[in-house]
Amino acid sequence: MAAARPSGFWSGALCPQLLVTLAILIIASEACKNVTLHVPSKLDAKKLVGRVNLKECFKSANLIRSSDPDFHILEDGSVYTTNTILLSLEKRSFTILLSNTENQEEKKIFVFLEHQTKVLKKRHNKEKVLRRGKRRWAPIPCSMLENSLGPFPLFLQQVQSDTAQNYTIYYSIRGPGVDQEPRNLFYVERDTGNLYCTRSVDREQYESFELIAFATTPDGYTPELPLSLLIKIEDENDNYPIFTEETYTFTILENSRVGSTVGQVCATDKDEPDTMHTRLKYSIIGQVPPSPTLFSMHPSTGVITTTSSQLDRELIDKYQLKIKVQDMDGQYFGLQTTSTCIINIGDVNDHLPTFTRTSYVTSVKENTVDVEILRVTVEDKDLVNTANWRANYTILKGNENGNFKIVTDPKTNEGILCVVKPLNYEEKQQVIVQIGVVNEAPFSREASSRSAMSTATVTVNVEDQDEGPECNPPIQTVHMKENAAVGTTSNGYKAYDPETRSSSGIRYKKLTDPTGWVTVDENTGSIKVFRSLDREAETIRNGIYNITILASDQKGRTCTGTLGIILQDVNDNGPFIPKQQVTICKPTMSSAEIVAVDPDEPINGPPFDFSLESSTSEVQRMWRLEKINDTAARLSYQNDPAFDKYVVPITVRDRLGLSSVSSLDVTLCDCITENDCTFRVDPRTGGGGIQLGKWAILAILLGIALLFCILFTLVCGASRTSKPLKVIPDDLAQQNLIVSNTEAPGDDKVYSVNGFATQTVGASAQGICGTVGSGVNNGGQTIEMVKGGHQTLESSQRAGHHHTLDSCRGGRVEVDNSRYTYSEWHSFTQPRLGEKVHLCNEDENHKHAQDYVLTYNYEGRGSVAGSVGCCSEQQEEDGLEFLNNLEPKFRTLAEACMKR
């Protein structure tokens, strides 16, 4: 059977590792079979022995136990020693008990520990014979434990080729760990294919190695394809978990609810992910102060939360936790690391400021202002110099007149009570003020538990003092008529002694008197008119004249007051017209509006009466007044006065008949707006003239420019229409000599002896095929030809030109003034016309063609007879009767087309 096997088969033996090497011999189709672990003779405590596939035996197991207390089984099937174990020559075994507590189902796995001292080379030959029943082409994975202690070289597996039965095979390997870094870590025996490791490996540096194995004969023949060998480095729990920070610092507010998150700690582990070696478990192992215990830590996430709502910053403002992280899911043999976590308790406003006393007594002298009369203190257990500690004071009662204010001293947090408006002992000898205090930050606890504001009462005693005179009220008024005679007296300013409420003994003095109209009596304070009073004076505002009075007592104490003299109006001013200059733009305006004013009160003012002063009849004849309203009238001209300046006197009367005459300077101007008119005096005549404004001048200039544009347009249009008519008619088909390909006979015009009517053409007239220059002259009926033109139609055809007369247009031809007779014209055209007829009857191969199609351009209005060309689609005798009436020079062409 071995001879019948085809070549190309590699086989690999499993790795019986001498140190902590797992070889699980399980038949995949059956579960809970025995497991054999190949181990060294000595097993240290808390060391990995191997792994058992528990899920393959019992997937729903939730309880895992070991029958031997020297071994501990983890959830992923890892087998660890709990004590140091020495294996004898005999095998040692134990049982893994798997059970489901919900349905009481149990299963067992028997684990055998074997100690193998050497590698039997012949064993592979046996296996090779036994395993040839099924052949496969795949590498067999191999693994080794990291940080292995040897002995080295450590046997890993054997590679073998089927072709070794027929050839001498040499084995070799390449790849990382052999001829690449780390070099010389693996080697293979050339003859046996046994693969060895020379030293220990760190999985955190090299997770696996992928080698390439080769099988060759001594002469270099390669009977097998290269085989990929994967050597996986199994992880050992040789790395401690490490916290990301040496010290964690968190802050949580006091009085936080149970379960509030404080913070989260985190640790990393360099071992293989998703294994027990990197399954971390967090815990709190100490707290300072030790009680009460207020924090807990989630074992998987490292999140720290509160277990009580009794955090009180005023009792303990900081806690220090000692935390631990341990791999192997917190198993006692897992590696662990500790760190420190500091938790600061943040302050909230859970304590109200409280007055140290509930009542205070202070005093202040009357008439004193901007003085501090009391400082009050409060107690607050919250954090100093924060919004939870700083106090806000307020006056609740007793400050209806605004005499007091209270502010906070930012350094001491005291309340400072000040007097900002003087107190009067004669009015009130004692004032009771209630004050309250709160924090800047709102109170955090329920308002119903206690009052949110602390209050206190302050009794302010007002002390009497000897005062000077009192000017109360500070502004006093008297009434006087503005036309009061000089020497008229009136009551003046009165000051009082606040103690006696009397004015005796008080002296008065005038401090300010803007116009010096009055004098003040020193003893009584009465006033006397010194000069005439005028309510309409510029210094008067709203009809009140103010003077300042100084009152003093015998001790020289003074007060100051204001005496307002209310001047009663009398009708002492007639109405007048303030605008003396009036301009009327005569083309656009027929009148002007004039307005009168009266400085007196409205009772002595409008309605006004306007009238023309009738001193001269000329004014009455030229001007007219119409009343608009109580204060305005319309002045209009009549009898078409000349442009000039006029003086118009107008009388205005108020309602009481007081009047005044205003002489208005009225200018009649030829303008659009008043600003456009400027009156000037003619130096020769002395008379007035009208000077145009800038807008009028601009309008005149624009009109002149527009007129020039119209004239220029008319001149240009006339010059265009006077050009000579076109020298070439629009339709040359009706002429005798046409530059076209029209073959129609033309009209029935009777021609002269010359046979053609021509018109003289300029120096750039179009030529026919580059040889003939023609034109039309209505009077001469002569033919003009160009001398020196010897190009034939044939030469034009050879040059690649199309056989149309129109295709030769475009060249500039100089016209000779010589004229030719009919015989000369006939001798010139006959040879060329015959050549044209000959060419028209031939095809491209120079053979006679029945119908030689040519392309012609548009040649003017067509004839009723149609085409006479050889290309015509008409029948032989169909409508060609007109050819019998052609002139001799066209008969040759007609005969060719009619096949005559």
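What you see is a predicted model, and the numbers here were worked out from it, not measured in a lab.

Asks: Looking at this structure, how should I read the overall build of the chain?
Replies: When its secondary structure is counted, the chain shows seven helices and 54 strands. Buried residues in the chain amount to 39% of all 900 residues. Intrachain contacts of the chain at a sequence separation of at least 6 include 65% that bridge at least 24 residues. Carbon and sulfur atoms make up 51% of the accessible area of the chain, which totals about 50,800 Å².

Asks: In this structure, what is going on with the state of the cysteines? I would like to understand it.
Replies: Each disulfide consists of one covalent bond between the sulfur atoms belonging to two cysteines. Enumeration over the complete set of coordinates arrives at three disulfides. A sulfur-sulfur distance of 2.0 Å marks the disulfide that ties Cys-471 to Cys-559. Between Cys-471 and Cys-559, the S-S dihedral sits near 75°, and the bridge is therefore right-handed. On the criterion of sequence distance, the pair formed by Cys-471 in the loop between strand E36 (454–463) and strand E37 (475–481) and Cys-559 in strand E43 (residues 558–568) is long-range, its members being 88 residues apart. By relative accessible area, Cys-471 is classed as buried at 12%. Overall, the relative accessible area of 11% leaves Cys-559 in the buried class. The partner cysteine of Cys-585 in its disulfide is Cys-671, sulfur to sulfur 2.0 Å. Its torsion about the S-S bond being -95°, the disulfide of Cys-585 and Cys-671 is classed as left-handed. Residue Cys-585 is located in strand E44 (residues 581–585), and its partner Cys-671 is located in the loop between strand E50 (659–669) and strand E51 (677–681); the two are separated by 86 residues in the primary sequence.

Asks: Any chance you could explain the sheet that holds strand E18 (residues 227–234) here in plain terms?
Replies: With mixed pairing, four strands are arranged side by side in an open sheet as E12-E18-E17-E14. Only two strands of the sheet have a single neighbouring strand rather than two, namely strand E12 (142–145) and strand E14 (170–174). The average angle at which neighbouring strand axes cross in this sheet is 30°, direction not considered. Where E14 lies against strand E17 (residues 208–216), five bridges are found, and the strand directions are antiparallel.

Asks: Would you explain the packing of aromatic side chains in this entry?
Replies: Two aromatic rings are characterised by how far apart their centres lie and by the angle between their planes. Considering all chains together, one arrives at 15 aromatic pairs under this definition. A centroid spacing of 5.6 Å and a plane angle of 65° characterise the contact between Phe-155 and Tyr-196, whose relative ring orientation is edge-to-face. Remark: Tyr-196 occurs in strand E16 (residues 194–197) and Phe-155 occurs in strand E13 (residues 154–161); sequence separation between them is 41 residues. Assessed through its relative accessible area of 10%, Tyr-196 is described here as buried. Look at Trp-517 and Tyr-545: their rings are 4.7 Å apart centre to centre, the planes differ by 35°, and that puts the pair in the tilted class. With a gap of 28 residues between them, Trp-517 in the loop between strand E39 (507–512) and strand E40 (518–520) and Tyr-545 in strand E42 (residues 544–552) connect regions that are remote in the sequence. No difference in accessibility class separates Trp-517 from Tyr-545, as the two residues are buried. Taken together, the ring pairs connect Phe-243, Tyr-248, Phe-250 and Tyr-282 into an aromatic cluster. Arg-174 extends its terminal NZ or CZ atom over the ring of Phe-214, reaching a point 5.1 Å from the ring centre. Sitting above the plane of the Tyr-170 ring, Arg-190 keeps its charged end 3.9 Å from the centroid.

Asks: Sorry, what's going on with a nonpolar patch on the surface here?
Replies: Residues Ile-697, Ile-700, Leu-701, Ile-704, Leu-706, Leu-707, Phe-708, Ile-710, Leu-711 and Leu-714 make up a contiguous nonpolar surface patch of about 990 Å² in total accessible area. Within the fold, Leu-706 resides in helix H4 (residues 694–721). For Leu-706, a relative accessible area of 54% corresponds to the exposed category.

Asks: What is the right way to look at unusual backbone geometry in this model?
Replies: With the exception of glycine, most residues fall at negative phi, and the peptide bonds are largely trans. Of the consecutive residues Glu-181 and Pro-182, the connecting peptide bond is found in the cis state with omega at -5°. Residue position: Pro-182 is located in the loop between E14 and strand E15 (186–188). Going from Asn-472 to Pro-473, the amide bond is cis rather than trans, its omega being -5°. Its identity as a non-glycine residue notwithstanding, Asp-274 has a phi of 60°, on the positive side. Within the fold, Asp-274 resides in the loop between strand E22 (267–268) and strand E23 (281–288). The class of Asp-274 is exposed, set by a relative accessible area of 81%. Its identity is not glycine, yet Met-328 carries a phi of approximately 60°, on the positive side. Note that Met-328 resides in the loop between strand E26 (318–326) and strand E27 (336–346). Its relative accessible area of 0% is what places Met-328 among the buried residues.

Asks: It is not clear to me how the sheet that holds strand E25 (residues 303–306) should be interpreted in this structure. Could you clarify?
Replies: Either a parallel or an antiparallel arrangement is found when strands of a sheet pair, and the pairing is made through backbone hydrogen bonds. Here we have three strands laid out as an open sheet, ordered E21-E25-E24, and antiparallel in their pairing. Of all the strands in the sheet, just strand E21 (261–264) and strand E24 (295–297) have a single pairing partner and so form its edges. Taken pair by pair, the neighbouring strands of this sheet meet at an average axis angle of 20°, ignoring direction. Sheet analysis places E21 next to E25, joined by three bridges and oriented antiparallel. Paired with Thr-261 across the bridge in E25 is Thr-305.

Asks: Would you take a moment to explain the side chain of Asp-347 for this structure?
Replies: Tracing the backbone shows Asp-347 in the loop between E27 and strand E28 (354–355). Here the side chain of Asp-347 touches Leu-383 through a polar contact of 3.1 Å, landing on its backbone nitrogen. With near-sequence residues (within four places) excluded, Asp-347 lies in contact with Leu-253, Glu-254, Arg-313, Glu-314, Asp-382, Leu-383, Thr-386 and Asn-388.

Asks: Can you walk me through the side chain of Ser-636 in this structure?
Replies: Note that Ser-636 resides in strand E48 (residues 632–637). You can call Ser-636 buried: its relative accessible area is 6%. Among all residues touching Ser-636, those that are not within four sequence positions of it are Ser-590, Ser-591, Met-622, Trp-623 and Arg-624.

Asks: When you look at the pairing of strand E47 (residues 623–627) in this model, what are you seeing that I'm missing?
Replies: Within a regular strand, the side chains alternate between the two sheet faces. Here E47 pairs with E48 via five bridges, running antiparallel. Of the residues in E48, the one forming a bridge with Glu-626 is Arg-634.

Asks: What's the story with the pattern of salt bridges in this structure? I'm lost.
Replies: When the charged atoms of two side chains with opposite charge come close together, those side chains can pair. Overall, the coordinates contain 20 salt bridges when judged by the stated rule. A salt bridge links Arg-92 to Asp-70; the shortest N-O distance between them is 2.8 Å. Residue Arg-92 is found in strand E10 (residues 92–100), and its partner Asp-70 is found in the loop between strand E6 (63–66) and strand E7 (71–73); the two are separated by 22 residues along the sequence. On the basis of relative accessibility, which here comes to 25%, the residue Arg-92 falls in the partly exposed class. Measuring nitrogen to oxygen at the nearest pair gives 3.0 Å for the salt bridge that ties Glu-75 to Arg-279. With Glu-75 in the loop between E7 and strand E8 (78–81) and Arg-279 in the loop between E22 and E23, this pair connects stretches of sequence that are 204 residues apart.

Asks: Sorry, what's going on with the environment of Ile-316 here?
Replies: Tracing the backbone through its elements, the reader meets Ile-316 in the loop between E25 and E26. Remark: the alpha-carbon pair of Ile-316 and Pro-289, spanning 27 residues in sequence, is separated by 8.8 Å. If near-sequence neighbours (up to four positions away) are discounted, Ile-316 is found in contact with Pro-289 and Ile-345.

Asks: Before we go on, may I ask you to explain the pairing of E36 in this structure?
Replies: As paired elements, strand E29 (residues 359–365) and E36 share seven bridges and run parallel to each other. When the bridges of E36 are listed, Ser-363 appears paired with Asn-461. Looking at chain direction, strand E35 (residues 430–439) and E36 are connected through eight bridges and run antiparallel. Considered in E36, the bridge of Gln-430 is made with Asn-461.

Asks: I tried to follow the confidence of the model for the chain on my own but got confused; where do I start?
Replies: One rule of thumb: low pLDDT means the predicted coordinates there are not for detailed reading. With 71% of its residues at a pLDDT of 70 or more, the chain has an overall mean of 75. Here residues 118–138 is modelled with pLDDT under 50, and outside its nearest four sequence neighbours on either side it reaches 33 contacts, counting other chains as well. Across residues 680–690, where pLDDT falls below 50, the model places 21 contacts with residues more than four positions away in sequence or in other chains.

About the cut-offs
Residues numbered from 1 in each chain as written. Predicted model: local features only at pLDDT ≥ 70, side-chain atom pairs only at ≥ 80, totals over all residues. Heavy atoms only, no water. Helix = DSSP H or I, 4+ residues; strand = E, 2+ residues; numbered from the N terminus. Buried < 20%, exposed > 50% of the residue type's maximum accessible area, 1.4 Å probe, protein only. Contact = heavy atoms within 4.5 Å. Areas by Shrake-Rupley, 256 points an atom, 1.4 Å probe, with all protein chains shown as cover. Disulfide = S-S within 2.5 Å. Pairing = 2+ DSSP bridges. Axes fitted to C-alpha atoms, helices over the stretch in contact; angles between N-to-C directions. Phe/Tyr/Trp six-rings, centres within 6.5 Å; stacked < 30°, edge-to-face > 60°. Lys NZ or Arg CZ within 6 Å of the ring centre and 35° of its normal. Patch = residues over 30% accessible without salt bridge, like charges linked within 9 Å, V, L, I, M, F, W, Y side chains within 5 Å. Salt bridge = Lys/Arg side-chain N within 4 Å of Asp/Glu carboxyl O. Polar contact = N/O pair within 3.5 Å; in protein donor to acceptor, adjacent residues only side chain to side chain. pLDDT = per-residue confidence, 0-100.

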